[in-house]
There are 2 protein chains.
Amino acid sequence: MSSPEVIRAPEVIRAPEDFRARCERARRDGLRVGFVPTMGALHEGHLTLAREARRRVGEGGVVAVSIFVNPTQFGPHEDLARYPRELDADVGRCATAGVDVVFAPSVEAMYPPGDQTRVRVTKVSEPFCGPFRPGHFEGVATVVTRLFVLAGACDAVFGRKDYQQWRVLDRMARDLFLPVEVIGHPTVREADGLAMSSRNRYLSVEDRLRARVVPEALSAAVRAYEGGERDVATLRSIAQAILCERADKVEYADLREPVDLDELPNALAADGRAVLAVAVRIGATRLIDNVVLGEERAPRPS
Amino acid sequence: MSSPEVIRAPEVIRAPEDFRARCERARRDGLRVGFVPTMGALHEGHLTLAREARRRVGEGGVVAVSIFVNPTQFGPHEDLARYPRELDADVGRCATAGVDVVFAPSVEAMYPPGDQTRVRVTKVSEPFCGPFRPGHFEGVATVVTRLFVLAGACDAVFGRKDYQQWRVLDRMARDLFLPVEVIGHPTVREADGLAMSSRNRYLSVEDRLRARVVPEALSAAVRAYEGGERDVATLRSIAQAILCERADKVEYADLREPVDLDELPNALAADGRAVLAVAVRIGATRLIDNVVLGEERAPRPS
């Protein structure tokens, strides 16, 4: 029999300056800081990011998870009000993943009275979700700049399910000289291939089954690519046709160059890579997902 | 006879990461960092800011001056190309003011290839120079965010001649949690009251004499205020009428609340303060200046 694992509750910090001081203290003690910014409603995907942060900073390092439902990244008709908030349960989940610090500030603390500063990243915010969520990436860049300034030098781990967000934040950190290593960790998926997301809980049982169409569409494109298909329009059509079969709406299914999200030539090179990103509505729920052709395997088990 | 003063040349740093490391080393050694961001072409006003930084960080502290003609804060028809660049002379001037470090990065270093991140401060950027220099304060906020991130915790000293800039940057530093104390130091003036500015050298001899109209206009408003005048439109008219006599163009002469630059009621309270800011053209040269009514004395010696 193995001995029972000791699970220690993470330290919960509310005030931005306390979070800054905690991270500074860790570095002064010679420890590395791993940071996982989230909006809470944590699932196995988030916990995988926390474990990746631990792997990077080592057993002695400090792993911090921020939990903040950031109002500036929601549009006026989006799900800010009903986005799940469950701090106590999230702290418990963090404990099981060995998280040391949970930073859970209030909206008023992150956006003090009179706040009027905004950060935007131009080109890489424009394709994919850009036209469908105006202001979204500006809201993300604005709050993550603040979080990065507070955390200081750290390894920040994001999930690649939000592929464009990862690219926006990596660009932002470099451009602003923020001393942060921005890491995109591979998407964690359910057994049937659906990417884990806090929004999956919005799905009815029937819609949850229909949602499988998303990894199926990506997988079909991966298999076509592996079969030698390099025509960008054809690869896009393969994904789009499958999505249209069962999604209520296809916002986009588009291929782009994987780093800067630039447009691609009509045909990829033999070893050319491309990120295929999609957004659909299943019922009232918006789901996004992506796969990098030439780099990742099919997300749907065949 | 006093002994000759020893003047030591400042350390000149070109690479952003070297500047960051230099400031970090100072703090690790327990020293405070005083920082004066400039565009170079240094004059007595800048050197006064460097001496104020010294006063704040103490003899043992580190005073850094950055010299960077920031392209993103110039409009397409402004004087970016002809803005004076004279690094060697500036380093010499810094030596006389006891500056320890001159940070003089290249444009390519501050805006690396693919750069696309911009910072803006909304409301406080809108009045005064806002409509006349679209994008100007966004360029300033973008570069100073980068400079503040590199400098780290410090006292940053700006001249109040650029009053709106000071207010924009103070707001920005607070909103982004940048660990910087943003200080606005009183404007340094020539003997006849003209605010020191790197752009004064553009003035012909005749225009230099005409430029006295700017401090004269501000002083007339101060004297009216001191005489009991509290009507905002009247105070504005007093300044405007004088400027119109000799300036080639009055871009604006406006009064605002001094911190957030909000609009004012029609009449100030007896102890009410207001910043009167003006921008004029004398020949081809654009001059700005300001005074805080209820706080500062008349800038023009009477």
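Residues numbered from 1 in each chain as written. Chains lettered and ligands numbered in written order. Predicted model: local features only at pLDDT ≥ 70, side-chain atom pairs only at ≥ 80, totals over all residues.

S.K.: Break down the relation of the copies chain B and chain A for me, citing the residues and quoting the values.
M.R.: When chain B is brought onto chain A, the operation consists of a screw motion whose angular component is 180° and whose axial shift is 0.0 Å, with 0.0 Å RMSD remaining. A rotation of that kind, with that shift, is consistent with a two-fold axis. The rotation axis passes nearest to the C-alpha of Val119(B) in chain B, at a distance of 2.3 Å. Looking at the interface residues of chain B, 100% of them are also at the interface in chain A, so both copies use one shared face. (Least-squares fit on C-alpha atoms with pLDDT ≥ 70 in both. Contact = placed C-beta atoms within 7 Å.)

S.K.: Can you tell me about the pairing of strand β3 (residues 62-67) of chain B, naming the residues and giving the values?
M.R.: All names here are of chain B. By the criterion of burial, β3 is predominantly enclosed, with six of the six residues buried. Where burial is concerned, the two faces of β3 agree: the one with Val62, Ala64 and Ser66 and the one with Val63, Val65 and Ile67 are both buried. Across six bridges, the pairing between strand β2 (residues 33-38) and β3 is parallel. Bridge pairing links Thr38 to Ile67 in β3. Regarding topology, helix α2 (residues 44-57) serves as the crossover connection from β2 to the parallel β3, and that connection is right-handed. Strand direction decides the pairing type here: β3 and strand β4 (residues 101-103), joined by three bridges, are parallel. Residue pairing for β4: Val65 is matched across the bridge by Val102. Between the parallel elements β3 and β4, the chain passes through helix α3 (residues 87-96) in a crossover that is right-handed. (Buried ≥ 20, exposed ≤ 12 C-beta atoms within 10 Å, placed from the backbone. Helix = DSSP H or I, 4+ residues; strand = E, 2+ residues; numbered from the N terminus. Pairing = 2+ DSSP bridges. Right-handed = clockwise from strand over helix to strand, strands pointing away.)

S.K.: An account of the packing of helix α5 (residues 136-151) of chain B against helix α6 (residues 163-175) of chain B is requested, with residue identities and associated values reported.
M.R.: Residues and elements named next belong to chain B. For the pair α5 and α6, the least separation of the axes is 10 Å and the interaxial angle reads 50°. Here α5 lies oblique to α6, going by the angle between them. Crossing of α5 over α6 shows right-handed handedness. Contacts between α5 and α6 involve Phe137, Val140, Ala141, Val144, Thr145 and Phe148 on the former and, on the latter, Gln165, Val168, Leu169, Met172 and Ala173. Grouping the amino acids of the contact of α5 with α6 by side-chain chemistry returns nine nonpolar, two polar and no charged. (Axes fitted to C-alpha atoms, helices over the stretch in contact; angles between N-to-C directions. Parallel < 35°, antiparallel > 145°, perpendicular 65-115°, else oblique. Left-handed = near helix turned anticlockwise from the far one by under 90°. Nonpolar A, V, L, I, M, F, W, Y, C, P; charged D, E, K, R; others polar.)

S.K.: Summarise the environment of Leu218(A); cite the residues concerned and give the values.
M.R.: All names here are of chain A. Looking at the element boundaries, Leu218 is found in helix α8 (residues 213-226). When the C-alpha positions of Leu218 and Leu235 are compared, they lie 9.6 Å apart, and in sequence the two are 17 residues distant. Once you skip the residues sitting within four places of it in the chain, Leu218 turns out to touch Ala239, Leu276, Val278, Asp289, Val291 and Pro299.

S.K.: Which residues make up the confidence of the model for chain A, and what values go with them?
M.R.: Model confidence for chain A is summarised by a mean pLDDT of 96, while 98% of its residues fall at 70 or above. If you check the scores for this complex, the pTM reads 0.96 and the ipTM reads 0.96. (pLDDT = per-residue confidence, 0-100.)

S.K.: Outline the sheet that holds strand β8 (residues 249-256) of chain B, listing residues and values.
M.R.: Residue and element names in this part refer to chain B. An order of β8-β9-β10 is seen for the three strands of this open sheet, with the pairing classed as antiparallel. In the strand order of this sheet, the two ends are held by β8 and β10 (285-293), each with one partner. Across the sheet, the axes of successive neighbouring strands diverge by a mean angle of 10°, strand direction being ignored. The pairing of strand β9 (residues 274-282) with β10 spans nine bridges and is classified as antiparallel. Bridge pairing in β10 places Val278 opposite Asp289. On the sheet, helix α9 (residues 232-246) packs against β8, β9 and β10 and is oriented at approximately 160° with respect to β8.

S.K.: Any details on the nonpolar core? Residues and values, ideally.
M.R.: A general feature of soluble globular proteins is that nonpolar side chains tend to end up buried together. Counting residues in each nonpolar core, the largest one holds 180 residues, and the members touching the most others are Leu276(A), Val278(A), Leu276(B) and Val278(B). Ignoring anything within four residues of it in the chain, the contact list for Val278(A) reads Val214(A), Ala217(A), Leu218(A), Ala239(A), Leu243(A), Tyr252(A), Ala253(A), Ile288(A), Asp289(A) and Asn290(A). (Core = buried A, V, L, I, M, F, W, Y, C linked by C-beta atoms within 7 Å.)

S.K.: Outline the interface of chain B and chain A, listing residues and values.
M.R.: Contact with chain B, which involves 25 residues of that partner, is made by 25 residues of chain A. Those elements that place two or more of their residues in the side of chain B that touches chain A are β5 (117-121), α5 and α6 of chain B. Considering every element that reaches the side of chain B that touches chain A, the biggest residue donor is β5(B), with five residues. Class assignment for the residues of the side of chain B that touches chain A results in 11 nonpolar, five polar and nine charged. Note: strand β5 (residues 117-121) of chain A against β5(B), five bridges, orientation antiparallel. Looking at the pairing, Arg118(A) lines up with Arg120(B) of β5(B).

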